[in-house]
Structures are given as structure tokens and as C-alpha cells.
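Summary of structural features
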Amino acid sequence: MDKFVFLFLACILAGFALINLPLAGIQPITSLIGIVAVLVFSLILIFKGIMALAGK
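Below or above, wherever it landed, is the structure these notes cover. If you're wondering where the values come from, they're calculated on a predicted model, not measured in any experiment.

Criteria and cut-off values
- Residues numbered from 1 in each chain as written.
- Predicted model: local features only at pLDDT ≥ 70, side-chain atom pairs only at ≥ 80, totals over all residues.
- Heavy atoms only, no water.
- Helix = DSSP H or I, 4+ residues; strand = E, 2+ residues; numbered from the N terminus.
- Rg over C-alpha atoms; globule rule 2.2 N^0.38 Å.
- Buried < 20%, exposed > 50% of the residue type's maximum accessible area, 1.4 Å probe, protein only.
- Areas by Shrake-Rupley, 256 points an atom, 1.4 Å probe, with all protein chains shown as cover.
- Expected span 1.5 Å × (residues − 1).
- Arc of directions from axis to C-beta.
- Contact = heavy atoms within 4.5 Å.

**As for the overall build of the protein chain**
Summing up its helical and strand segments, the protein chain has two helices and zero strands in all. For a compact globule of 56 residues, the expected C-alpha radius of gyration is about 10 Å, and the protein chain comes in at 14 Å, more than 25% above that figure. Dimensions along the principal axes, computed over C-alpha positions, put the protein chain at roughly 45 × 15 × 10 Å. Residue burial in the protein chain is summarised as follows: out of 56 residues, 16% are buried. Here the protein chain has roughly 4200 Å² of accessible surface; of this, 81% comes from carbon and sulfur atoms.

**Examining helix α1 (residues 5-19)**
Taking 1.5 Å of rise per residue, the 15 residues of α1 would be expected to cover 21 Å, and the 21 Å separating its terminal C-alpha atoms lies within 8% of that figure. Within α1 the residues assigned to the buried category are Val5, Phe8, Ile12 and Gly15. Summarising the axial view, the buried residues of α1 lie within an arc of 70 degrees, below the 170-degree limit, and thus occupy one face. Seen from the buried face of α1, the exposed residues on the opposite side, beyond 90 degrees, are Phe6 and Leu13. Against α2 (27-54) lie the buried residues of α1.

**Thoughts on α2**
When the terminal C-alpha atoms of α2 are compared, their 40 Å separation across 28 residues agrees well with the 40 Å that a helix rising 1.5 Å per residue should span. The complete set of buried residues in α2 reads Thr30, Ser31, Gly34, Ala37 and Val38.

**Description of the environment of phenylalanine 16**
Residue placement: phenylalanine 16 occurs in helix α1. Along the backbone, phenylalanine 16 and isoleucine 33 are 17 residues apart, and their C-alpha atoms lie at a distance of 9.8 Å.

Structure (C-alpha cells):
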């Protein structure tokens, strides 16, 4: 198993934490950063899973 998989999962969890973080004034910015983090690291995990299934 790739050693960075757990790091990617932690980044996804951190993104969800940023989405739910109630900060007055900068809440839309933290939500946007959280959404981007979740999307990027989820796509990386999906890509790594497809590559593992393909045997590369």
C-alpha cells in the first residue's frame, strides 16, 4: 500500500473540518478551501485506486 494514502485521508478529513468551521467573516473562504481540499484529495485517491486495479 502506498505510504501516502493515510495522509490523503487525513487531508480529506481536514477539508471536512474546514467546511464545518464556524468563523465569522472568513467562513466562505474556509469553506471554499475545504471543498477544494476534499475534491482534490478524493480525486487523487480514486486515481491511485484505479492505477492499483490496473496493476501499475
